[in-house]
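Geometric and topological summary
Take a look at the letters that make up each chain.
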Amino acid sequence: MDELRMIAGGPCRSGVDKCGNGDCSTVYVTPEPGMLAIQGYDVAHPTPDGESVVLIPEDVLKEAARVRGWL
């Protein structure tokens, strides 16, 4: 994927590191119409090659929905 633009989550803000690693789950807009990219915590769940299941905090998804104008 060429360019991702962060719309929710990302580096911890205000010195509060809820994730414990300095970089939290993130939602990105992609160059592909109608597609978002998600950075989250790996979940052990069977998937097809090239796919993953990830955990992401609900508030990060709500923030992304607000930014996209869905809420």
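What this report covers is the structure whose coordinates are included nearby. (Residues numbered from 1 in each chain as written. Predicted model: local features only at pLDDT ≥ 70, side-chain atom pairs only at ≥ 80, totals over all residues. Heavy atoms only, no water.)

So, on to a nonpolar patch on the surface. A cluster of nonpolar side chains, namely Leu36, Ile38, Leu61, Trp70 and Leu71, defines an oily patch on the protein surface of about 520 Å² accessible area. Note on placement: Leu61 falls in helix α1 (residues 58-67). The class of Leu61 is partly exposed, set by a relative accessible area of 41%. (Patch = residues over 30% accessible without salt bridge, like charges linked within 9 Å, V, L, I, M, F, W, Y side chains within 5 Å. Areas by Shrake-Rupley, 256 points an atom, 1.4 Å probe, with all protein chains shown as cover. Salt bridge = Lys/Arg side-chain N within 4 Å of Asp/Glu carboxyl O. Helix = DSSP H or I, 4+ residues; strand = E, 2+ residues; numbered from the N terminus. Buried < 20%, exposed > 50% of the residue type's maximum accessible area, 1.4 Å probe, protein only.)

Within the secondary structure layout, Thr30 lies in the loop between β2 (23-29) and β3 (36-39). Of note is the side chain of Thr30, whose polar atom sits 3.2 Å from the backbone nitrogen of Glu32. In terms of polar contacts, Thr30 uses its side chain to reach the backbone carbonyl oxygen of Met35, at 2.9 Å. (Polar contact = N/O pair within 3.5 Å; in protein donor to acceptor, adjacent residues only side chain to side chain.)

Turning to the layout of surface pockets, a few remarks are in order. Computed from the structure, the second largest pocket encloses a volume of approximately 160 Å³. Around the second largest pocket, the lining residues are Ile38, Gly50, Glu51, Ser52 and Val54. Per-class residue counts for the lining of the second largest pocket are two nonpolar, two polar and one charged. (1 Å grid on protein atoms, 1.4 Å probe; cavity = no way out; pocket = protein on both sides within 12 Å on 5 of 7 lines; lining within 4 Å. Points joined across faces, edges and corners; volume = space filled by probe spheres on them. Nonpolar A, V, L, I, M, F, W, Y, C, P; charged D, E, K, R; others polar.)

The subject of this paragraph is the nonpolar core. Residues Ile7, Ala8, Val27, Val29, Ile56, Val60 and Ala64 constitute the largest nonpolar core, which totals seven residues. Contributions of two or more residues to this core are made by β1 (5-11), β2 and α1. The residues touching Ile7, leaving out its near neighbours within four places in the chain, are Val27, Tyr28, Val29, Leu36, Glu63, Ala64, Val67 and Arg68. (Core = buried A, V, L, I, M, F, W, Y, C linked by side-chain atoms within 4.5 Å. Contact = heavy atoms within 4.5 Å.)

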